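# An overview of the molecular structure
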Amino acid sequence: MSLPPRRRVLPCLFALLAASWLGLHPATSHAAPPPGADINPVAAGPLSSALPQGWHQSGAFMEIYVRAYQDSDGDGIGDLRGLISRLDYLQDLGIKGIWLMPVNASQDRDHGYAVVDYRNIEADYGTLADFDALLAAAHQRGIGVIMDYVINHSAADHPLFQAANRKQSPFRDWYVWSEQEPEGWQIYGNYPWYSGEEGYYFAGFWSQMPDFNLRNPAVLAWHEDNLRFWLNRGVDGFRFDAVGNLVENGPKRWEVQAENQPIMQRLVRTIQQYPNRYVVCEAPADPDGFGSQDACGSAFAFGLNNKLMTAANGHLRGIADVLRYHGQGKAHMATFTSNHDHFAGRRVFDQVYANEASNRMVAAALLTLPGIPFIYYGEEVGMDEGAGLDGDASLRVPMSWTADASGFSSGQPFRALATNIASHNLASQLGKPDSLHSHYRAMLQLRRDNPALQTGSFEQAEQSAELISFQRKSEQQRLLVLLNFGSEQQAKLVKLPADATLRAVYPQDATTLRTDGRGRIKLTMPAKSLRVYQF
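Rules behind the numbers
- All residue numbers refer to positions counted from 1 along the written sequence of the respective chain.
- In keeping with the model being predicted, local features are shown solely for residues with a pLDDT of at least 70 and side-chain atom pairs are shown and tallied solely at 80 or more, while totals for entire chains, interfaces and linings include all residues.
- The basis for the side-chain values is all heavy atoms of the structure; hydrogens and waters are excluded.
- UniProt positions are given in the numbering used here, feature names are shortened, and annotations may be inferred rather than shown by experiment.
- Between any two strands, pairing holds if DSSP finds at least two bridges.
- In DSSP terms, a helix is any run of H or I states spanning at least four residues, a strand is any run of E spanning at least two, and both are numbered starting from the N terminus.
- By the convention used here, residues are in contact when the closest approach between their heavy atoms is within 4.5 Å.
- Geometry is summarised by axes, namely lines fitted to C-alpha atoms with helices restricted to the contacting stretch, and by angles between N-to-C directions that run from 0 to 180 degrees.
- Note that the domain bounds reflect an automated or database-derived domain assignment.
- Once two parts are put together, the accessible area they lose, assessed with a 1.4 Å probe and summed over both, is termed the buried area.
- By convention in these notes, a salt bridge is any Lys or Arg side-chain nitrogen within 4 Å of a carboxyl oxygen on Asp or Glu.
- Polar contact is defined as a pair of N or O atoms within 3.5 Å, subject to the rule that within protein one atom must be able to donate a hydrogen and the other to accept it, and that residues adjacent in sequence are counted only when both atoms are side-chain atoms.
- For this classification, Asp, Glu, Lys and Arg are treated as charged, while Ala, Val, Leu, Ile, Met, Phe, Trp, Tyr, Cys and Pro are nonpolar and the rest, including Gly, are polar.
- A pocket here means an open set of points on a 1 Å grid, computed over the protein atoms alone, that has protein on both sides within 12 Å along at least five of seven lines. A cavity is instead a set of points where a 1.4 Å probe fits but cannot get out; residues with an atom within 4 Å of a point line either one.
- Grid points are joined across faces, edges and corners, and a volume is the space filled by probe spheres set on the points.
- Comment on the angle field: the value is read as roughly parallel under 35 degrees, roughly antiparallel over 145, roughly perpendicular from 65 to 115, and oblique elsewhere.
- Handedness of a helix crossing follows the sense of rotation of the near helix relative to the far helix, less than a right angle counterclockwise being left-handed and clockwise being right-handed.
- Relative accessible area decides the class of each residue, using a 1.4 Å probe on protein chains only: under 20% of the type maximum gives buried, over 50% gives exposed, and in between gives partly exposed.

Named according to an unreviewed UniProt entry, the chain is Glycosidase originating from Chitinimonas taiwanensis DSM 18899. Under the UniProt heading Sequence similarities (unreviewed entry), the entry covering the chain gives this text: "Belongs to the glycosyl hydrolase 13 family."

Before going further, it helps to examine the sheet that holds strand β12 (residues 372–376). If you trace the seven strands from one edge of the open sheet to the other, you get β10-β9-β5-β2-β1-β12-β11, paired in parallel fashion. Each edge of the sheet is formed by a strand with only one pairing partner; in this case those strands are β10 (278–281) and β11 (334–335). Where strand β1 (residues 61–64) lies against β12, three bridges are found, and the strand directions are parallel. Residue pairing for β12: Glu-63 is matched across the bridge by Tyr-376. Sitting on the sheet, helix α7 (residues 260–271) touches β9 (237–240) and β10, and the angle it makes with β9 is about 165 degrees.

Looking at the chain, the domain boundaries give domain 1 (56–150 + 301–449), domain 2 (155–213) and domain 3 (456–534). One C-alpha centre belongs to domain 1, the other to domain 3; they are set 30 Å apart. Taken together, the two surfaces of domain 1 and domain 3 that pack against each other cover about 1,700 Å², and 76% of this comes from carbon and sulfur. Taken as a group, Leu-323, Met-361 and Thr-368 account for 33% of the area that domain 1 buries against domain 3, more than any other trio of residues on that side. Scanning the region where domain 1 abuts domain 3 turns up zero salt bridges. Between domain 1 and domain 3 we count four residue pairs in polar contact (both at pLDDT 80 or more) in total. Those elements that place two or more of their residues in the side of domain 1 that touches domain 3 are α9 (304–312), α10 (316–326), α12 (356–368) and α14 (436–449). When residues in the side of domain 1 that touches domain 3 are grouped by element, the largest group, six residues, is from α12. For the side of domain 1 that touches domain 3, the residue count by class is 15 nonpolar, seven polar and no charged.

Turning next to empty space enclosed by the protein. Tallied over the entire structure, the rule returns four cavities of 30 Å³ or more. Considering only enclosed or pocket space, the largest cavity measures out at about 40 Å³ in volume. Tyr-65, Arg-67, Pro-102, Asn-104, Ser-106, Arg-109, Asp-110, His-111, Gly-112, Glu-122 and Tyr-125 are the residues that line the largest cavity. Tallied by class, the residues present in the lining of the largest cavity amount to three nonpolar, four polar and four charged.

At a minimum axis separation of 7 Å, α9 and α10 run at an interaxial angle of 140 degrees. Here α9 lies oblique to α10, going by the angle between them. α9 and α10 meet at a crossing whose hand is left-handed. On α10, the residues that touch Leu-304, Lys-307, Leu-308, Thr-310 and Ala-311 of α9 are Gly-318, Ile-319, Asp-321, Val-322, Tyr-325 and His-326. Split by residue class, the contact of α9 with α10 holds six nonpolar, three polar and two charged.

As for its position among the elements, Pro-373 is in strand β12. For Pro-373, a relative accessible area of 1% puts it in the buried group. Between the C-alpha atoms of Pro-373 and Asp-73, which are 300 residues apart in sequence, the distance is 32 Å. Filtering out sequence-adjacent residues up to four positions away, Pro-373 remains in contact with Gly-59, Ala-60, Phe-61, Thr-335, Leu-366, Leu-367 and Arg-447.

Spelled out as structure tokens, the structure:
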């Protein structure tokens, strides 16, 4: 059975176009907003950026779940003021961007993706003034901030859906409805249609997250206004959630439909009116499609994350897959090894079976290969999953600042701590040259200090068992990068220009080398190691 037709309040296309020409929201331009819903238009404000051009390519992002990062007031819940207090740490680590998981007011006040107010901050996290203070403090440190934006659905408690739940409401068409109960639907193992007060509403992820009708021009215009609201405050871009699920065309055609990419292209163009902003999209079913200029311009490289992890564990096929992926010219894609969703994989610590040498190779590969790298908070100290937890909650536990909960909060934390907090925490690693934290810091500095690692080309990639070599070239420099993912020492014959001098970039105390008259040199690599040379 095909998706039932979405209802239309305006009777004809002419009315839609007329409303657009007049700058009104079609279908609701004369309707009073429901109490608690802000649908007022937002004009573009200051367009300038507080950051250097191309800031998002200069280092790496840290994905931060504010609730679990740092509590400032002792209620056991992380907040924006707590995050501000940790900006010096992030700056010292070498982070150039922060991705804030949802900070909007939400129905569940935890997961965050059931938004009840798109123009306000979750009360547990603070206020709009706190958010403004975070932006100012981050920008002073050269750190950009992008927000999670939930375009596909709202919370069932959102005033707009509460209004739409009445058949004669002028906001009915803001969501997806059917008069009869549709048949044949299954999404992620669940039936996605739920009984409302009048008819059935569509909610692909959860009954409490009803889908917007993104075929309605008024809904898209409202989303654009919401984006401008945050851009006018100085936010540096957005991470868009679940963009492959925006439009459905039937029980077998509910993901990655042709209408989705033009919707995202329109929103990206709105954002691009503000210079130097970065947009990245989540589309696990079609990352390349949504990463194109016809859609978002950048998307998370789902699939590569698994290849990187198998490579770090020394598996030949994973190593070959990593080289093959990057040989396709995907430097605009956002690379990562774990995140807040369990479907994307467990925390890195678990994926490398608690092997710290392999964990170090994760950082080495992520930060020397092309792409825009994202690190999930706690990866830099080897955080494990939460004790006694499963699913997404196990990945979203308080940051391991110290060997107990005191580093996170003076009160009772909202959730169980990481199982390995006693052995893997920042306090036990900070300032120790051989610690995992120091390794991440060194890798981030390596990327920041070398333009070729930020935006350089990817050339001459070769694999010899678990050892790979490749070149990164920019206008400023040429680098040779070697990664030995194996558990034993390996050697490789490399071909470069004749009589070329190889100056060690990492580690800096490595011996300067020189190719022979035919451009050949044999390089020996210790187990689980990285070498970078400039030539």
